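The primary structure of each chain is shown beneath.
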Amino acid sequence: MTAQDELGELYHAGYRRLVAQVYAFTTDLTEAQDAVQEAFARALARRHGLRDVDAPEAWLRTVAINVVRRRWRRRQLLDTILLRERPLTRMTAAAPEPDNTDLRAALAGIPSRYREVIVLHYLADLPLDEVADILEVPVGTVKSRLSRGREALRGLLDDVEAPPLEQVRVRAGRLRARRQAAQVGSVAAVLLVAVVGLLQPWRPGPSPYDAAASPAPSASPGAYQGAGITISAIPNPATAPDLPGLIDRFELDGQAGWLRTTCTAAETDCLPRFARTADGGRTWLVEADTGVALPAPATQPPLTRSWLARRPTVGGVWWAGGQAAGKAPALASSSDGGATWHLHELAGAAAGDLVTATVRGEDVVALTTRAGRITGVYAGSDLTRVSDGGGMRVEGEPVLLPDGRLMIAAESRFQLSTDLGAGFTAAPASLPTVGSLRATSGGYVALDLFRAGWVAVSTDGVTWRKLAIR
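The structure presented is a predicted model; accordingly, all values stated were derived computationally and were not measured.

**Digging into the overall build of the chain**
Helix and strand content of the chain: eight helices and 22 strands. Burial statistics for the chain: of 470 residues in total, 44% are counted as buried. When contacts within the chain are restricted to residue pairs at least 6 apart in sequence, those whose partners lie at least 24 apart make up 50%. When the accessible surface of the chain is split by element, carbon and sulfur atoms take 54% of a total near 23,600 Å².

What follows is the structure, given as C-alpha cells:
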C-alpha cells in the first residue's frame, strides 16, 4: 500500500473525528472542516505522506488547529489596521480556545454522565479503557453512555461528511505548485543578484511563477472514484432526512421504492421507521408501515431458504439458495415461475453453511459462508466450486460486475476480485467505507456508507448514485 493510499484510509476513517475536535476548538463548523481538509492536503503534498510521523492523526490535528490560529491572527491584524483608520466595531472574535465554544452549550444540555464520557473520549481522545478507569465504571457502561450521549447530541455533527478525496488531492496539488514556484523564485533571485552587475541595462525576465506546474485536474470532483467504481455525491447533505436507527431493508425498482430502519439495543428512544419514494429515491415520505409485497415465485423452493433473487432472470428463471435435506447447501432454480424446482448441490460445501448469490443476465455466482466468512465460491453453468473465497468476512450479498469482477463489502471496504474470489483487493481509499451490499429489484444498494448511514443505489454495480436520506 502506498503512502497516498494510507492517507486515503485515514481520511475516510478520521475526518469526522478530527472535525469534531477542531470544532470544539474554534466553534465554527465550516472553518473546522476547511482546516481539517487543509491539514490532509498538506499531508498529501508531502513526498512520503505521513510515513515518517509516529502519530499521523495527532499530526493532522495539530496542523488543523495551527491553521485556525494563523487565520485568527491574520484577521486580528486586519482588524487592528482597520481600527486605526476607522474606529468601528471590532471585526474579529476572541481567539479560539477549547473553553470558548458553542459546544459547551450543547453539552450542558445533556446529563452529566453522558457529557463526561463524550468529552473524555471524543474531545480528550482517550481510549475507552482509560475513560472507564477515570470514572471508575466498567467499559460496558462507558460504551452505553457514549451511545446515549450521541443520541442526545444527534444533529450536532451528523451532517459532517468527508468531501471526495479528489478535492483534497487538487488542494494538495496547488500546495506543491506553490512550493515549486517558491523554489524556482528563490533560484531566480540568486541568479538575478549574480548577473545584475554584469548585464546593463537590466531588463526584467519572465516571472518564475509562470513556470510553476499546475495540479492535475480532478476527473470528477463531485464524485468518489476508484477501481472503475463511481459514487456520486449529493449537493447538500445537511438537507437529507435523518431517520432514527440504521436503514436495514431497502427496495428500489425504477422510480418506486421503500425502506425500513432498525434500532440497536443502545438506542432506547429509537422507533423503527418506514418510508416510500416515487421519484427514484430523490425524495422520501415517512409513513405507517402497512407492509409491502415483493416479487416472488409461485411456490417456495425445497430449501431452508437463506437467499432469494429479487426477480427472475431475463430468461424467466428464479434462483434461491439455502440448505436442502440434511442441511446440505444448495441452489434451486425454477424456469416455470416456481411451479417446479431443480436443485443444484454445491459440492464441497459443509453442512450448515449459508448460501447467498448474485445474478447478472443468466450468470449466477454463489457464495457459501460460515459465521459470516466465505467458505466457497461457485460459478459456471454447473456451479463448480472455483475458489474458497479466502475466508473474507462478507456483509450482505456479492455483486457480479459487467467486466466479470466480483465485488463484496468486507472489513468496511469495497473488495474486488478478478478471479472469482480466489483473492480480493480492497478498493482505493478514494471510495467511502461501506456497511453492506444487497440486491434490489432494479439493481443494487450500498448501505451505511461512511459508516454514517448513507445509502447509494446502482443498476450495474459500477456507477452509484448517493441518495439524500440516511
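**Looking at the packing of aromatic side chains**
Going through the model one piece at a time under the given rule, you end up with five aromatic pairs. Judged by centre distance (6.0 Å) and plane angle (20 degrees), the rings of Trp258 and Phe274 are stacked. Placement of the pair is Trp258 in strand β4 (residues 256–262) and Phe274 in strand β5 (residues 274–277), with a sequence separation of 16 residues. Comparing Trp258 with Phe274, the two get one shared label, buried.

**As for the environment of Gly352**
Tracing the chain through its elements places Gly352 in the loop between β10 (342–345) and β11 (354–360). C-alpha separation for the pair Gly352 and Arg370, spaced 18 residues apart in sequence, amounts to 7.9 Å. In contact with Gly352, other than residues within four places in its own chain, are Gln323 and Lys327.

**Quick word on the sheet that holds strand β6 (residues 285–287)**
Pairing in this open sheet of four strands is antiparallel, and the strands run β3-β4-β5-β6 from one edge to the other. Strand pairing shows two members of the sheet lacking a second neighbour, β3 (246–253) and β6, which therefore form its edges. Here the strands of the sheet are splayed against their neighbours by 25 degrees on average, with no regard to which way each runs.

**Quick notes on the sheet that holds strand β2 (residues 229–232)**
Read from one edge of the open sheet, six strands run β1-β2-β22-β21-β20-β19, paired in mixed fashion. Each edge of the sheet is formed by a strand with only one pairing partner; in this case those strands are β1 (223–226) and β19 (436–440). If you compare each strand with its neighbour and ignore which way they point, the axes differ by 25 degrees on average. Bridge count between β1 and β2: four bridges; the pairing is antiparallel. Across the sheet, Ala223 pairs through a bridge with Ser232, a residue of β2.

**Some thoughts on the side chain of Gln37**
Looking at the secondary structure, you find Gln37 in helix α2 (residues 29–45). Judged by its relative accessible area of 17%, Gln37 falls in the buried class. With sequence-adjacent residues up to four places away left out, Gln37 is seen in contact with Tyr15, Pro163, Val168 and Arg171.

**Some details on α2**
Here α2 spans 24 Å end to end across 17 residues, near enough to the 24 Å set by a 1.5 Å rise per residue. α2 sits mainly inside the fold: 13 of its 17 residues count as buried.

**Here we look at the nonpolar core**
One finds Tyr11, Val22, Val36, Phe40, Leu60 and Val168 to be the most contacted residues of the largest nonpolar core, which totals 30 residues. Listing elements by their share of this core, those giving two or more residues are α1 (3–26), α2, α3 (56–85) and α8 (165–195).

**Re a positive patch on the surface**
A cluster of like positive charges, contributed by Arg69, Arg70, Arg73 and Arg74, occupies part of the molecular surface. Inspection of the secondary structure puts Arg70 in helix α3.

**Points about the pairing of β2**
Burial of β2 is one-sided: the residues Ile229 and Ile231 facing one way are buried, the residues Thr230 and Ser232 facing the other way are not. What sits between the antiparallel neighbours β1 and β2 is a turn of two residues, in which Ala227 has the positive phi angle 55 degrees. In this structure, β2 lies alongside strand β22 (residues 463–467), joined through three bridges in parallel fashion. Among the inter-strand pairings, Ile231 is bridged to a residue of β22, identified as Trp464.

Parameters and conventions
- Residues numbered from 1 in each chain as written.
- Predicted model: local features only at pLDDT ≥ 70, side-chain atom pairs only at ≥ 80, totals over all residues.
- Heavy atoms only, no water.
- Helix = DSSP H or I, 4+ residues; strand = E, 2+ residues; numbered from the N terminus.
- Buried < 20%, exposed > 50% of the residue type's maximum accessible area, 1.4 Å probe, protein only.
- Contact = heavy atoms within 4.5 Å.
- Areas by Shrake-Rupley, 256 points an atom, 1.4 Å probe, with all protein chains shown as cover.
- Phe/Tyr/Trp six-rings, centres within 6.5 Å; stacked < 30°, edge-to-face > 60°.
- Pairing = 2+ DSSP bridges.
- Axes fitted to C-alpha atoms, helices over the stretch in contact; angles between N-to-C directions.
- Expected span 1.5 Å × (residues − 1).
- Core = buried A, V, L, I, M, F, W, Y, C linked by side-chain atoms within 4.5 Å.
- Patch = residues over 30% accessible without salt bridge, like charges linked within 9 Å, V, L, I, M, F, W, Y side chains within 5 Å.
- Salt bridge = Lys/Arg side-chain N within 4 Å of Asp/Glu carboxyl O.
- Lys, Arg positive; Asp, Glu negative; His and termini not counted.
- Charge placed at Lys NZ, Arg CZ, Asp CG, Glu CD.

Functional significance is not addressed by these values, which are geometric in nature.
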